[in-house]
Amino acid sequence: AFNVNWNDKTAGKAQIGTCVTPAASVGRNACFYIGSNIMNVNGSNVIMDAAPYIKAGRTYVPVRYLGDALGATTTWDAATQTVTVTKEGKTVVLVIGSKVAKVNGADVQMDVAPEITNGRTMLPARWVAEGLGYAVGWNEVLKQVVVQELL
């Protein structure tokens, strides 16, 4: 028989373990730095012809470079001033000056509008990246936008 003495104060202490869920696998990733014409895509530096900037609390990046970094196809219709970014069946359509985007055919209200600056189409990074299924992060210290594909 097994005897237990509940008054025994000499029993050892048990440490409760911490369960950590592993992070999702990371696919393509891109880092844009405010004011810098150098971005980093999957560990390699790429020189852009325009630098990201912040306006109305949102980070704007050159659409061509964002699309390329994400492995997406980007098209520009000059007549309608429309940008279409597509990847693996997902589509984000934005019109210069409009705060309404079409994400996979549905209207999405944005808080800022795409614009043309110095001849380059600049899009709010978060709206485009999240519309394509990417996670977006902001590093205030480095003034860095990180866009990651979660697999």
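Our structure's up above, just so we're on the same page.
Residues numbered from 1 in each chain as written. Predicted model: local features only at pLDDT ≥ 70, side-chain atom pairs only at ≥ 80, totals over all residues. Heavy atoms only, no water.

## Comments concerning the pairing of strand β5 (residues 58-62)
Both faces of the sheet carry side chains from a regular strand, because those side chains alternate between them. To be explicit about the condition: Relative accessible area decides the class of each residue, using a 1.4 Å probe on protein chains only: under 20% of the type maximum gives buried, over 50% gives exposed, and in between gives partly exposed. In this text, helices come from DSSP runs of H or I with a minimum length of four residues, and strands from runs of E with a minimum of two, each type numbered from the N-terminal end. The pairing criterion for strands is at least two bridges between them, as found by DSSP.
Most of β5 sits out of view: four of its five residues are buried. Across three bridges, strand β4 (residues 53-55) lies against β5 in antiparallel orientation. Note on β5: the bridge partner recorded for Tyr-53 is Tyr-60. Counting the residues between successive antiparallel strands, the hairpin from β4 to β5 contains two residues, one of them, Ala-56, with a positive phi of roughly 55 degrees. Note that β5 and strand β12 (residues 120-124) share three bridges and pair antiparallel. Bridge assignment links Pro-62 to a residue of β12, and that residue is Met-122.

## Some thoughts on the sheet that holds strand β6 (residues 73-77)
What counts is decided by this rule: Interaxial angles span 0 to 180 degrees and are taken between N-to-C directions of axes, which are lines fitted to C-alpha atoms, for helices over the stretch in contact.
Strand order in this open sheet of five strands is β6-β7-β8-β9-β10, and the pairing throughout is antiparallel. In the strand order of this sheet, the two ends are held by β6 and β10 (106-109), each with one partner. With strand direction ignored, the average angle separating the axes of adjacent strands in the sheet is 20 degrees. With six bridges connecting them, strand β7 (residues 82-87) and strand β8 (residues 90-95) associate as antiparallel partners. Within β8, the position partnered with Val-85 by the bridge is Val-92.

## Some details on the sheet that holds β12
A sheet is described by the order of its strands in space; here four strands give the open sequence β4-β5-β12-β11, paired in antiparallel fashion. Edge positions in the sheet fall to β4 and β11 (115-117), since each has one partner strand and no second. Put simply, the sheet's adjacent strands are angled 40 degrees from each other on average, direction ignored.

## Overview of the nonpolar core
Convention followed: The set of buried Ala, Val, Leu, Ile, Met, Phe, Trp, Tyr and Cys residues whose side-chain atoms join them within 4.5 Å is what this entry labels a nonpolar core. By the convention used here, residues are in contact when the closest approach between their heavy atoms is within 4.5 Å.
Among the nonpolar cores identified, the biggest contains 28 residues, and Phe-32, Met-39, Val-85, Leu-94, Val-128 and Leu-132 are the most heavily contacted of them. Broken down by element, the residue count for this core peaks at four residues, all from helix α1 (residues 63-69). The contact partners of Leu-132, leaving out residues within four places of it in the chain, are Leu-70, Ala-72, Val-85, Lys-87, Lys-90, Thr-91 and Val-92. One finds Tyr-53, Tyr-60, Val-112 and Met-122 within the second-largest nonpolar core, a separate group that totals five residues.

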